[in-house]
Amino acid sequence: MSAVEPAHILARGVCVDFTVAGRVNRVLHDVSLSVPKGGFVSLIGPSGCGKSTLLKVLAGLLPPSAGEVSVAGVAPVEAVRQRRIGIVFQEATLLPWKNALDNVAMLTHVAHAGRTGSEIRDRATEMLRLVGLEHAAHKRPAQLSGGMRQRVSIARALALDPEVLMMDEPFGALDAITREEMSAFLLEIWERTKKTIVLVTHSIDEAAFLSREVHVMASDPATIIEALPIDLPYPRNEDSYSAPAFARATARLRRLLKEGHRQAAAA
Amino acid sequence: MIRDDPAARPADIDASTGLVANTRGAVLRFVPALGLFIAVLVVWEGVSRIFKLPEFVLPAPTAILAVLIAHQRDLGYAAYVTAREVLYGFLFSAVIGAAVALVTARFAAFGRALYPLVVLFQTVPKVALAPLFILWFGFDLAPKVVLIVVIAFFPVAINMMVGLQNVDPNLIALMRSVGASRNEILMRIQIPNSLPYLMAGLKVAVTLAVIGAIVGEFAGAQAGLGYMIQFASTQMQTSLVFAALVEVSVLGLLFYYVIEWIERRYVDWVPAAD
């Protein structure tokens, strides 16, 4: 698949070392991956395997110690400068003193200082409509539920019209039902906007349901041990959870994660 | 245009009814305190009548009330003098405290130089500086304002500093990712984020400002409630001392509630949990 489609996100031999008190700590070892334009890739693995670190490297928030990374043909930092990357964190990180609409508009105000206020507001309103929150435009984050807050933060990322959406466990703080709703919602957004999405998650179901390809990571050494394509046709919906292909994929993912876990325990 | 959106209405109505309920709740909350206060006054009045306590030891509430009315012009002028000291002292404390916090947050190197000195200065018992300020600045407004600033700027500065720094690092990363400058991050994120903290600091500062004004007047003054308390106590006019004390409390409460009103009106969000 990736042989035909050109890579939108490409990482080759990426290593990240943290030096703590003079000791070098390798938190990411020789990671390579490729995501085609419009692809949906998940990074899954045990905590501490470096999946969030890898996402930070891809999003230009952290320079790699070794290896090459490119997003849309340029270095991540440059891609960030060109507003090609949108980021969503586990916490919605909204401003409590601003309503939903102004929160969505906030980054755009900074990123596109040349745009007029009404242009930015129109765009923000459109994004709120896209995430189904136009009725909550004037509510503050404190008046919104966890799922709604996270949708505002997705709308904020989309308002910048990035090509790539980097999401670090965006639904990790939500309850199980809201999580599934948000998964379905994210697929819908993805199909409508054709963004390239990289998602960090620790949920096997979430990874299998959403992604075209799941990259399984292990710790010690912290690297990708397998890239598993998910053979489940889009559009996916609730029925996809009971499809045989879904069951096969999750069983395989579970086995891979367990192996990685055993290796880490043995090491 | 967006404001006319009917879908936006329910939130406004929710917010307003919430506010009404809060105001009523606040009034109801005061009922037990008011009851206890009245009970204390009644017992106090009874004790001083039954045991016929001399007025210069402990005047009855009714005697204090009589003095409050009889000396209302003198007390009013004294309250005006003290209120002026508190107001100027508080305003300078707020401005200087906020400035110290902002400079420390914006220019880290300067902050590292300034901060230890500010903390070191805090170890000096500032009340002990009052005679010095009288010596340098005379008996009028100036020495009291200086004393208040020295006492009250610190809680403003330290609270605002915490508020400026207590920002979600991911939020800063997001701002950086869209090319925000240090100043933009300060203006759009850090300063608004610090406002609830600043208000908490201002409430402490205004209480300290009243103390500063009274202590300043004790050290040397020609007018004011502190001066009056000292003067009346040397004359054994204990009722007048109590009357002045009542005015000091009322003054402190007024200043406090003005700040609380500003906070409710303009800083009506809870800081994000960290």
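Residues numbered from 1 in each chain as written. Chains lettered and ligands numbered in written order. Predicted model: local features only at pLDDT ≥ 70, side-chain atom pairs only at ≥ 80, totals over all residues.

1. Looking at the overall build of chain B
In step 1: Each helix and strand in chain B was counted, giving 10 helices and 0 strands.
In step 2: Over its C-alpha atoms chain B spans a radius of gyration of 24 Å, topping by over 25% the 19 Å that the globule rule assigns to 274 residues.
In step 3: The 274 residues of chain B split such that 33% are buried.
In step 4: Partitioning the intrachain contacts of chain B with sequence separation of at least 6 by distance along the chain shows that 77% fall at a separation of at least 24. (Helix = DSSP H or I, 4+ residues; strand = E, 2+ residues; numbered from the N terminus. Rg over C-alpha atoms; globule rule 2.2 N^0.38 Å. Buried ≥ 20, exposed ≤ 12 C-beta atoms within 10 Å, placed from the backbone. Contact = placed C-beta atoms within 7 Å.)

2. Details of the domain arrangement of chain B
In step 1: Domain assignment breaks chain B into domain 1 (1–52) and domain 2 (59–266).
In step 2: Summarising the inter-unit geometry, the C-alpha centres of domain 1 of chain B and domain 2 of chain B are found 26 Å apart. (Domains from an automatic or database assignment.)

3. A closer look at helix H7 (residues 169–177) of chain B
In step 1: The set of residues buried in H7(B) consists of B:Leu171, B:Leu174, B:Met175 and B:Ser177. Buried residues of H7(B), viewed axially, fall in a sector of 160°; they line one side.
In step 2: Taken together, the buried residues of H7(B) touch helix H2 (76–81), strand S5 (85–88) and helix H3 (100–111) of chain A together with helix H8 (182–219) of chain B.
In step 3: After H7(B) finishes, the residue B:Gly179 shows a positive phi value of roughly 80°. (Arc of directions from axis to C-beta.)

4. Thoughts on the pairing of strand S3 (residues 40–44) of chain A
All names here are of chain A.
In step 1: Here S3 lies mainly inside the structure; 5 of its 5 residues are buried.
In step 2: Side-chain alternation along S3 places Phe40, Ser42 and Ile44 on one buried face and Val41 and Leu43 on a second face that is also buried.
In step 3: Taken together, the 5 bridges between S3 and strand S7 (residues 196–201) define a ladder with parallel strand orientation. Opposite Ser42, over in S7, you have Leu199 as the bridge partner.
In step 4: As paired strands, S3 and strand S8 (residues 213–218) are joined by 4 bridges and run parallel to one another. Following the sheet pairing, Val41 is matched in S8 by Glu213. (Pairing = 2+ DSSP bridges.)

5. Examining the nonpolar core
In step 1: With 89 residues, the main nonpolar core has A:Leu58, A:Val104, A:Leu128, A:Ala155, A:Met166, A:Val198 and A:Leu253 as its most contacted residues.
In step 2: The element contributing the most residues to this core is H3(A), with 8 residues.
In step 3: Sequence-distant contacts of A:Val104, defined by excluding residues within four places in its chain, comprise A:Ala124, A:Met127, A:Leu128, A:Val152, A:Ala155, A:Arg156 and A:Ala159.
In step 4: By size, the runner-up hydrophobic cluster in this structure holds 57 residues, among which are B:Ile148, B:Phe153, B:Ala209 and B:Ala243. (Core = buried A, V, L, I, M, F, W, Y, C linked by C-beta atoms within 7 Å.)

6. Looking at the sheet that holds strand S1 (residues 7–20) of chain A
Residue and element names in this part refer to chain A.
In step 1: The strand order S2-S1-S4 describes an open sheet built from 3 strands, whose pairing is antiparallel. Lying at the two open borders of the sheet, with one neighbouring strand each, are strand S2 (23–36) and strand S4 (66–71). The average undirected angle you get between the axes of adjacent strands in this sheet is 25°.
In step 2: Where S1 lies against S4, 5 bridges are found, and the strand directions are antiparallel. (Axes fitted to C-alpha atoms, helices over the stretch in contact; angles between N-to-C directions.)

7. Examining the interface of chain B and chain A
In step 1: Between chain B and chain A, the contact holds 21 residues from the first and 27 residues from the second.
In step 2: Sorting elements by how many residues they give to the side of chain B that touches chain A places H7(B) first, with 6 residues.
In step 3: Split by residue class, the side of chain B that touches chain A holds 15 nonpolar, 3 polar and 3 charged. (Nonpolar A, V, L, I, M, F, W, Y, C, P; charged D, E, K, R; others polar.)

8. Considering the sheet that holds S5(A)
Residues and elements named next belong to chain A.
In step 1: An order of S5-S6-S7-S3-S8-S9 is seen for the 6 strands of this open sheet, with the pairing classed as mixed. The sheet is open, and its two borders are formed by S5 and strand S9 (223–229), each paired with just one other strand. With direction set aside, neighbouring strand axes in the sheet form an average angle of 15°.
In step 2: Bridge analysis of S8 against S9 gives 6 bridges, and the strand direction is antiparallel. Bridge pairing in S9 places Met217 opposite Ile224.
In step 3: Where helix H1 (residues 51–58) meets the sheet, it contacts S3, strand S6 (164–168), S7 and S8, and its direction lies at approximately 155° from that of S7.

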